[in-house]
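These are the residues of each chain, in order.
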There are 2 protein chains.
Amino acid sequence: MSDLLETVRGLAKKTDSKIVLVVLDGVGGLPLEPGGETELATARTPNLDALAQTSQLGELELVGAGITPGSGPGHLSLFGYDPLRYVVGRGALSAVGIGVKLAAGDVAVRGNFATLDPQRLVVDRRAGRPSDEKNAEIVARLRAAIPDIEGTPVEIYTESEHRFVVVFRAAGGAPLGAALSDVDPQVTGVVPMTATAQDPASEKTAALVNAFVGRAEEALRGEEQVNGVLFRGYSDVPHFPSFDEAYGLRAACIASYPMYKGLASLVGMDVLTVEGHEDALEGKVAALEANWEKYDFFYFHVKKTDSTGEDGDFAAKVKKIELFDALLPQLLALKPEVLAIAGDHSTPSKLASHSWHPVPVLIHSAYGRKDAAARYTEEEAGRGSLGLRRGTDLMPLLMAHALKLNKYGA
Amino acid sequence: MSDLLETVRGLAKKTDSKIVLVVLDGVGGLPLEPGGETELATARTPNLDALAQTSQLGELELVGAGITPGSGPGHLSLFGYDPLRYVVGRGALSAVGIGVKLAAGDVAVRGNFATLDPQRLVVDRRAGRPSDEKNAEIVARLRAAIPDIEGTPVEIYTESEHRFVVVFRAAGGAPLGAALSDVDPQVTGVVPMTATAQDPASEKTAALVNAFVGRAEEALRGEEQVNGVLFRGYSDVPHFPSFDEAYGLRAACIASYPMYKGLASLVGMDVLTVEGHEDALEGKVAALEANWEKYDFFYFHVKKTDSTGEDGDFAAKVKKIELFDALLPQLLALKPEVLAIAGDHSTPSKLASHSWHPVPVLIHSAYGRKDAAARYTEEEAGRGSLGLRRGTDLMPLLMAHALKLNKYGA
C-alpha cells in the first residue's frame, strides 16, 4: 500500500467525534515453546475479550516484513507517517529520547565526552565511561560556560555515561543545516577533527560546532578524564506535517517516559501532565478524564508491557497486560467514538528484545462488520476482518471510523 | 502493492477467452446493529451461493485503507488504474458524468449560470437556480451562438439547474492546457474575473474562456436571471493507456447511467446500447448476449445496489441484490472463461453513503483453488483465498485466470 498521508490530509474534516489510540508498548509476543501460548493469550483479560467480540481485529506490520521496529519508527507508523520515508536522525532521536522539543531550523548533535592528553590527542573516546552523575555535573559546567555562541542559543543535555546532546537553536534566524563532518576521529592518538560544512546552509553550524569544542575544552581544563568533547551524528528536524495539518486533529499525548513524549511532540501533539511514578496508569486515566473535552485524539501509552518483555519475564508481561485489562472499563466509560488498541512493535519475552512479528490491532466503533476474532491475541487477530496491514493504514482507518474523512473523488 | 499496470501491459496476450466483470455498485454493506448481518448476508441468493462455492473470494480496498471512494476512483481501481495516480479532474468528471467523450488535448470546464446587473456585477452566482428545462433552453441558445471560437470547436452541455459543462476541442490542433485561473469570483457584488493562463500551454485556453464569457453574455442579453456565465474547474484529459493498450482487450461497457458509460469510454471501452429504463437489467443481459462474439471483456454495471444504499433503505438494497441473483444464470449460460463480481465501493444502508469498507470480490474460472468462502458476503469473503487486496490487483488476476498473461522473466 502506498503512502496515504497526503491523500488523507486532503480529505480530513473536523467533527466532534473522539479517537483514543492505546499503544501497549511491545505487546506482541511469542510462545516460550512452539505450539504454546503467547503472553497475550495467557493473560486473563475479561474486559479486552468482551471488547474484542464487538470490534474489528487485525494485525499490523509497522515497518515492513521481517523488520524489527525501534520505538521511533514503530510509533511513527502508528501515527501514519511511513517510517521508511520520515526518518528521524540520530541527533534528533537522542534529543527527543530525553524529552527535548525541537523546532524547525534547529540542529541536534550527539556528543561523547572524551579524555585528551596535553597535546589534545584523544586518549579515550568515552572519557572512561563516567557515571551519569558525573555527566550531569560536567553538563552543568558547560551550560554555565556556553549559554550561547555569538547569539545562537545553545542547550546541553545529559544522555547517559559519556553521552550528551547539544541543541543549537535557530531561534527565528536562518535554519541551521546538518550536513557537516564529524569531530570524532573514531580512533585514539589523534586530535579531534574540525567539522567542515558539506553545504552552504551548514557553514554556520560547522562554525558553532568548532567554537563549542574549543570553549568546552577551556571550561573543562583541569579535569583529568572528562576534558574533551567529540561530535558525531547531526540532525535537523524532519519535516512532519503535524497531526493538526495532516488530520485536522487536536491531539494529546498521555505518556510517562521522555522518548514517547518527545515523539508525540514531534508530530505536534500536546503532551499532558501525568501524575505518578513510572507507568502511572491511574495518573494517565486521570489525565485522559481531565482533558476529555479539550481534544479530538488521545495517544495513550502503556510502557510496562515492553519493559517486562525486554527483561525476558513472561509472567511479568502477562501481569502487565492484565493490569491494563483491569483499567479498560475506565477508558470505555468515556465513550470514545473510536477506541483502538495496538502495539508499536512486538517484544516477546522469549527474545527479550523487540521483534519483527506483527502486532495485533483492535478498532472499536459503531461502523464495524462482524468479525471472527474473539480475543485481543495474536492468533485471534489473525482471523480478524482488518487483515494483515502496514502500520500506516491505522490512522486512515481510525479517521474513517470516526467519520472524519470526506469521499475521495466524485 | 505497487502499480502492476505497466508490468501487465508488457505481458498481455490475445486469446479467445472471455472475461465478464460484474460491478454491483456500492454492494458492500454494514449490519444495522453491531453483530448483525449485512445486506448481502441477509439477501436470499441461491445462485450466487452456488457460484461462490466453486469460486475464489476475497476483499478489495479500492483506493486505500480508510478511504471512501467516489464512483470514479472506485471504477478506475477495478479497471486496474491506481486512482491515486490516475486522477480525473472535476471538469472532466462532469463531462464524463453526462456521457461526453473526451479526447487527448481537449479541455472540459465546469460552468455556472449567473445573474449579472447592468454594470456586470454578479448578483447571484447561481442565477436563481433555474430549472433543468430552463438550463437546456439557455444551452440551446448558447450552442447556436457559439458553435466555435476562431476555429476551435466548442460544445456546451446541460448538467443540472445552474450547472453546465463546456468542452473546448483540440480537434487535431495543439493540446489545450488546463492551468488557468477561475472566472467565478466566488462572491457577489464584483464583476466576473478574467481567466489568466498559468502556463504557456494554457494561454489559448484562457483566450477561449474569456471569449466565451463575452459571447455568452451577448447571446443572453435581455434575460433577467440567466444572463452571465462563471467558470471554475478546468481539466484536460488524463492520459490513460486504454484497455486495448494495457490489456490487449476488446472491451465493452454495458451500463445505463451516463457516469459509468463516460468512465468506460475514458479507458477506451465501446459503450453498448442498452434497451430499457433505469437499471434495465434484462436489457443489459440482452446487450451482453447480442455482442458476445465481438468482445473479449465485458464490464456489466448494476446501479440499484448503490442507489438503495444511498437511500438508507436496507430492505430495498437486499431486494436489488436478490434481483441480480435471479439474473445470474443467464450470465453463466454464456460460459465466460472468467466471471468476476465486485463492487466499486461499499454503500451501507446504515450510513446512507459510500464508505471505506472493503468490498467482497468473487472470481470464477477453471483455475481456482479450494476456498473456504461459501457465500458472496463480506464475512465469507474475509475467509476467501484471495485475501484482502488493493482494487488494482483485480485486473491482473482476471487476465491471469483467462490465461491472457505471459510469464514474467525467464
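An unreviewed UniProt entry annotates chain A as Probable 2,3-bisphosphoglycerate-independent phosphoglycerate mutase of Deinococcus hohokamensis. If you open the UniProt record of chain A and go to Function (unreviewed entry), you find "Catalyzes the interconversion of 2-phosphoglycerate and 3-phosphoglycerate."

Quick look at the overall build of chain A now. Assigned secondary structure in chain A consists of 14 helices and 14 strands. Against the compact-globule benchmark of 22 Å for 410 residues, chain A has a radius of gyration of 23 Å, which places it among compact chains. In terms of overall dimensions, chain A has C-alpha extents of about 75 × 50 × 40 Å along its principal axes. Within chain A, the fraction of its 410 residues that count as buried is 57%. Taking contacts inside chain A between residues at least 6 apart in sequence as the whole, the part at least 24 apart equals 74%. Between the averaged position of the 41 positive side-chain charges in chain A and that of its 54 negative side-chain charges there is a distance of 3 Å.

For the rest of this paragraph, the subject is the sheet that holds strand β9 (residues 251–254) of chain B. Residues and elements named next belong to chain B. Spatially, β10-β9-β11-β1-β12-β13-β2-β14 is the arrangement adopted by the eight strands of the open sheet, whose pairing is mixed. If you trace the sheet from one side to the other, it starts and ends with β10 (270–271) and β14 (387–390), each paired once. Looking at chain direction, strand β2 (residues 56–61) and β14 are connected through four bridges and run parallel. Looking across to β14, one finds that E61 is bridged to R390. Of the strands in this sheet, β1 (19–24), β2, β11 (297–302), β12 (338–342), β13 (359–364) and β14 are in contact with helix α14 (residues 394–401), which crosses β13 at around 15°.

On to the pattern of salt bridges, then. Evaluation of the coordinates by the stated rule reveals 45 salt bridges over all chains. In this structure, K370(A) and E379(B) form a salt bridge, with 3.5 Å as the shortest nitrogen-oxygen distance. Pair noted here: K370(A) is in the loop between β13 (359–364) and α13 (378–381) and E379(B) is in helix α13 (residues 378–381), and the two residues belong to different chains. Relative accessible area serves as the criterion here: at 33%, E379(B) is assigned to the partly exposed category. Among the ionic pairs, E6(B) bridges to R9(B), the shortest N-O distance being 3.7 Å. In this pair, E6(B) and R9(B) both sit in helix α1 (residues 5–11), three residues apart, roughly one turn of the helix. Salt bridges sharing common partners tie together K134(A), E137(A), R141(A) and E223(A).

Scanning the entire structure with this criterion turns up 29 aromatic pairs over all chains. Here Y81(B) and Y86(B) contribute two aromatic rings whose centre-to-centre distance is 5.5 Å and whose plane-to-plane angle is 85°, an arrangement assigned as edge-to-face. Judged by relative accessible area, Y81(B) falls into the buried class, the value being 0%. Aromatic ring contacts, followed pair by pair, group F79(A), Y81(A), Y86(A), F240(A), F243(A), Y247(A), F297(A) and Y299(A) into a single cluster. Over the aromatic face of W292(A) sits the side chain of K18(A), whose NZ or CZ is 5.7 Å from the ring centroid.

Another aspect to go through is the nonpolar core. Formed by 117 residues in total, the largest nonpolar core has its most connected members in F243(A) and F243(B). The leading source of residues in this core is helix α14 (residues 394–401) of chain A, at six residues. Setting aside its immediate chain neighbours within four residues, F243(B) contacts F79(B), Y81(B), G248(B), L249(B), A251(B), V267(B), M269(B), F297(B) and M395(B).

Residue and element names in this part refer to chain B. Counting buried residues along α14, six of its eight residues qualify, which places the element largely inside the surrounding structure. Among all positions of α14, only L394, M395, P396, L398, M399 and H401 are buried. One or two residues past the end of α14 sits L403, with phi positive at roughly 55°.

Right, let's get into the domain arrangement of chain A. Residue and element names in this part refer to chain A. Annotation of chain A at the domain level lists domain 1 (5–88 + 241–401) and domain 2 (94–236). Measuring from the centre of the C-alpha atoms in domain 1 to the corresponding centre in domain 2 gives 36 Å. Listed by partner, the interface residues are six residues for domain 1 and five residues for domain 2. A buried area of about 460 Å², summed over both sides, lies between domain 1 and domain 2, and 76% of it is on carbon and sulfur atoms. The interface formed by domain 1 and domain 2 includes zero residue pairs in polar contact (both at pLDDT 80 or more). Taken together, the residues that form the side of domain 1 that touches domain 2 break down as four nonpolar, two polar and no charged.

Residue and element names in this part refer to chain B. At a closest axis distance of 11 Å, the pairing of helix α10 (residues 281–290) and helix α12 (residues 314–333) adopts a crossing angle of 15°. When the axis of α10 is compared with that of α12, the two are roughly parallel. In terms of crossing hand, the pair formed by α10 and α12 is right-handed. Note on element contacts: α12 touches α10 through L323, L327, Q330 and L331, opposite L281, E282, V285, L288 and E289. Among the residues forming the contact of α10 with α12, the class breakdown is six nonpolar, one polar and two charged.

Turning to the environment of G91(B), a few remarks are in order. All names here are of chain B. By the secondary structure assignment, G91 is in helix α5 (residues 90–97). With relative accessibility at 0%, the residue G91 sits in the buried group. Residues G91 and V167 lie 76 residues apart in sequence; the distance between their C-alpha atoms is 8.9 Å.

Attention shifts here to the interface of chain A and chain B. Contact with chain A, which involves 26 residues of that partner, is made by 37 residues of chain B. Between chain A and chain B we count four salt bridges in total. Our enumeration of links across chain A and chain B arrives at 11 residue pairs in polar contact (both at pLDDT 80 or more). For the side of chain A that touches chain B, the secondary-structure elements that each account for two or more residues are α1 (5–11), β14 (387–390) and α14 of chain A. Within the side of chain A that touches chain B, the residues separate by chemical class into 14 nonpolar, seven polar and five charged.

Looking now at the relation of the copies chain A and chain B. In screw terms, the move from chain A to chain B is a rotation of 123° and a rise of 0.1 Å along the axis, fitting with an RMSD of 0.4 Å. Taken together, the turn and the small shift mark the pair as related by a three-fold rotation axis. A share of only 4% of interface residues in chain A that are also interface residues in chain B marks the association as one of differing surfaces.

Cut-offs and rules
Each chain has its residues counted from 1, running along the sequence as written. Labels follow written order: the first chain is A, the first ligand is 1, and so on. Local features in this predicted model are restricted to residues of pLDDT 70 or higher, and side-chain atom pairs are both shown and tallied only at a pLDDT of 80 or more, whereas totals for entire chains, interfaces and linings draw on every residue. Values reported for side chains reflect all heavy atoms of the structure, with hydrogen atoms and water molecules removed beforehand. UniProt positions are given in the numbering used here, feature names are shortened, and annotations may be inferred rather than shown by experiment. A helix here means a DSSP run of H or I that spans at least four residues, while a strand means a run of E at least two residues long, and both kinds are numbered starting from the N terminus. A radius of gyration in this sense is built from C-alpha atoms; the matching globule rule multiplies 2.2 Å by the number of residues raised to 0.38. Each residue gets one of three labels from its accessible area relative to the maximum for its type: buried under 20%, exposed over 50%, partly exposed in between, using a 1.4 Å probe on protein chains only. Working rule for contacts: check all heavy atoms of both residues, and any pair within 4.5 Å makes them a contact. Counting rule applied: Lys, Arg positive; Asp, Glu negative; His and chain ends not counted. We put the charge of a Lys on NZ, of an Arg on CZ, of an Asp on CG and of a Glu on CD. Strand pairing follows a simple DSSP-based rule, namely that at least 2 bridges must link the two strands. The axes used here are C-alpha line fits, helices contributing only the stretch in contact, and every angle between their N-to-C directions lies in the interval 0 to 180 degrees. A pairing counts as a salt bridge when a side-chain nitrogen of Lys or Arg comes within 4 Å of a carboxyl oxygen of Asp or Glu. Centres within 6.5 Å are what make two rings of Phe, Tyr or Trp a pair, Trp counting through its six-membered ring; a difference in plane orientation under 30 degrees is then read as stacked, over 60 as edge-to-face, and the rest as tilted. Charge-over-ring contacts are defined here by two conditions on Lys NZ or Arg CZ: a distance within 6 Å of the ring centre and an angle within 35 degrees of the ring normal. Grouping buried Ala, Val, Leu, Ile, Met, Phe, Trp, Tyr and Cys residues that are joined through side-chain atoms within 4.5 Å yields what is termed a nonpolar core. Boundaries between domains were set according to an automatic or database domain assignment. Buried area, as used here, totals the accessible surface that two parts lose on assembly, with accessibility defined by a 1.4 Å probe and the loss added over both. In protein, a polar contact means a hydrogen-donor-capable atom and an acceptor-capable atom, both N or O and within 3.5 Å, with residues adjacent in sequence counting only if both atoms are side-chain atoms; elsewhere, any N or O pair within 3.5 Å suffices. Gly is placed with the polar residues, together with every amino acid not listed as nonpolar (Ala, Val, Leu, Ile, Met, Phe, Trp, Tyr, Cys and Pro) or charged (Asp, Glu, Lys and Arg). Here the angle decides the label: under 35 degrees means roughly parallel, over 145 means roughly antiparallel, 65 to 115 means roughly perpendicular, and every other value means oblique. Throughout, a crossing is termed right-handed when the near helix is turned clockwise from the far one, and left-handed when it is turned anticlockwise from it by less than a right angle. Superposition of the copies used a least-squares fit over C-alpha atoms from residues whose pLDDT is at least 70 in both.

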